Amino acid sequence: MTRFAPSPSGHLHVGGARTALFCWAFAKGKGGTFVLRIEDTDQKRSSDAASIGFVKDLLWLGIDWDEGPIYEGCGGGDRGPYFQAQRLDIYRKYFDALLASGKAYYAFETTEELTALRDAAKAQNQPFRYTGDAARALSADKVAEFLKAGRPAVIRFHTPPNPITIRDEILGEAIIPAGETDDFVICKADGFPTYHFAVVVDDELMGVTHVLRAQEHFNNTAKHIVLQDALGFRRPVYGHLPLIFNPDGSKMSKRDKDKVLRKAIAERGITSPPPHTVDPALFAVWIKDKNVQLEIASATALASALGVVLPEINVDDFRRSGYLPEVICNFLSLNGWSPGGDLEKFDTEFLKSHFDLQRVVKTPAKFDRSKLLAFNLHALQVMPREEFVKKVAIHGRTFHPDFMARVTETQFRSLCDASQERSKTLDDLFRTNGFITIADDLLEWDAKAVKKVLQGTSPNGRDHLTAISKILAQCDDWSVQGLESAMKPYLETAAGGNLGTIAQPLRVALCGGTVSPPIFDTLAILGKASSIKRIDRCVAAHE
RNA sequence: GGGCCCAUCGUCUAGCCUGGUCCAGGACACCUCCCUUUCAAGGAGGACACAUGGGUUCGAAUCCCAUUGGGCUCACCA
């Protein structure tokens, strides 16, 4: 039995996804149970249904849970509720037990007092440890009196003065010296348990046998162990997964998007937001305070106005960018685990049956998007054509409805035929074929391209276009093959068989620039009327 | 700063536990060339790593120690 226990969030980031994937694979591969539990013990974070929007990302990746919040056929189970905020009465029982046995005590220091102590310790480069002598010296009557008077109080655990040995299936054994773990808070002033306490109680009560989580939690394990001992709980097996970083070694963060935007804005010396992107007042606040984050929608709008690409951080970002869920899972697995040998392409079924803790790597991984892209390209290339068409269509309807509305079914199909082998993502087709959705008489031509391929000494590109227009007008078989044979005679006589000579002028006339699918595909996609109209208009515009 | 952890190509990693078959294998990226109808894709080559210093041993990427470097953590956040 493993569990994935995130705090509520609308989005699942790749690190969390990897943790969830490993927990899931480990449990499923061993015939165990995978539990999803929401760690919403921080009242500052909202924990309504919308706040666990990340569950849709989990399901998109193919990660389903046996027990947990009920959603689309997943979840349920009789060891709930699976939201910690709904388990307060359960925790209360254990607080009382600890209090009664003297293993925990009330403390009344204010946040300000603690901060002052912490700052003082830091000023002397000393670690701060809460000793609790003063609080424990309080008589029972005094404590009762304070509580009655409504003084804010937390409950702290009295950590025994012994070294703590952490056994970890991935990292091995570590001994945390005595005194390193101080008397930490287990119940906040608002009555909510802290993370450490809730985790320990819930893992016990939910029957969690294996805890796989990110390495940043490693030190916390000491706290969890002393609590388990005090409460008489069994100890689950621990495995701490290596962290995933950005290529530059920085921590992958939601703020990375804002960082990119701020940088672009600073570079261009922009002082007010481009129209229809961000509210000017919000923009002013955002640009001043690096801790303020823009909403996804505003950030996306601003990015496209600035022409910058936001880094993908969340699973949903990768979906939007056109990555396949199975590729994400495959690639994520490779960050921190490998099946050994030279094998690196595998599906989740394989992961499920082969994942083991012994092969988890100890070192942090930098997330390499270009390798991910290469994996995605490969998956797209080996995909049957029908499947590709279907997936691109779904992606299009979800993320590019305008584009989909403007192309006919035939056009779309041709576009897929021409694009599959060159698509790195499901999104490529939409980003590189904008010329299709522009009205024939609104197409603009790239000045540089015009100069390069249309103008010059005769016969230049424009001359070719004039001739080609007439030939195409006679062409009845408007298929790739038909077009090719229709153009063949002209190609031989006027261009010496060098297709580039006429393909490039055609590209500019049809698409406005020098990049498009293969030229006969492009003609076929646009259709006869549109193609000829564009060619003639281009010829006329460049006298 | 204290504590803990980690250390193989630019990156993800195999090999390490059970020293020799490793002058270190794969993948991505990179470079060169080929193909070519633009962009891609594809094909063929190439360059690139055992952090350093000591041990142990006939022999070390593999075992031990030190140094250096990196990470995590030190909340009434999780």
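Model, not experiment: these values are computed from the prediction.

### What to know about the confidence of the model for chain A
At step 1: Here chain A shows a mean pLDDT of 91. Residues at 70 or above account for 99%.
At step 2: Across the assembled chains, the prediction reports ipTM 0.94 with pTM 0.92.

### A closer look at helix 18 (residues 409-419)
At step 1: Listed in full, the buried residues belonging to helix 18 are Gln411, Phe412, Ser414, Leu415, Cys416, Ala418 and Ser419.
At step 2: Of the surrounding elements, those touching the buried residues of helix 18 are helix 16 (385-399), helix 17 (401-406), helix 19 (428-432) and helix 24 (519-526).

### Re the environment of alanine 365
At step 1: Take alanine 365: it is sitting in strand 13 (residues 365-366).
At step 2: Taking the C-alpha atoms as reference points, alanine 365 and leucine 334, 31 residues apart in sequence, are found 9.2 Å from one another.
At step 3: Dropping the residues within four chain positions of it, alanine 365 is found in contact with Leu243, Ile244, Phe245 and Asn335.

### Overview of the protein's contact with RNA strand B
At step 1: As a structural note, the neighbourhood of RNA strand B is formed by 70 residues, with Thr41, Lys188, Glu344, Arg422 and Leu499 the closest of them.
At step 2: Within 4 Å of the protein, atoms of RNA strand B come from sugar and phosphate in 70% of cases.
At step 3: Side-chain polar atom of arginine 129 to a sugar or linking oxygen of RNA strand B: 2.8 Å apart, as the coordinates give it.
At step 4: At a separation of 2.6 Å, a phosphate oxygen of RNA strand B approaches a polar side-chain atom of lysine 188.
At step 5: For the surface near RNA strand B, the secondary structure elements donating two or more residues are helix 4 (111-123), strand 6 (154-157), strand 8 (172-176), helix 7 (195-205), strand 13, helix 15 (369-381), helix 23 (499-511) and helix 24.
At step 6: With six residues, helix 15 is the single largest residue contributor to the surface near RNA strand B.

### Remarks on the nonpolar core
At step 1: The biggest cluster of nonpolar side chains holds 101 residues, and the ones touching the most others in it are Leu58, Phe355, Phe367, Phe412 and Leu472.
At step 2: The biggest single contributor to this core is helix 1 (residues 14-29), with 10 residues.
At step 3: Beyond its immediate sequence surroundings of up to four residues, leucine 58 is in contact with Phe4, Leu12, Ala20, Leu36, Ile63 and Trp65.
At step 4: Membership of the second largest hydrophobic core comes to 27 residues, among which are Leu98, Ala174, Ile186 and Val200.

Parameters and conventions
- Residues numbered from 1 in each chain as written.
- Chains lettered and ligands numbered in written order.
- Predicted model: local features only at pLDDT ≥ 70, side-chain atom pairs only at ≥ 80, totals over all residues.
- Heavy atoms only, no water.
- pLDDT = per-residue confidence, 0-100.
- Buried < 20%, exposed > 50% of the residue type's maximum accessible area, 1.4 Å probe, protein only.
- Helix = DSSP H or I, 4+ residues; strand = E, 2+ residues; numbered from the N terminus.
- Contact = heavy atoms within 4.5 Å.
- Near = heavy atom within 4 Å.
- Polar contact = N/O pair within 3.5 Å; in protein donor to acceptor, adjacent residues only side chain to side chain.
- Core = buried A, V, L, I, M, F, W, Y, C linked by side-chain atoms within 4.5 Å.

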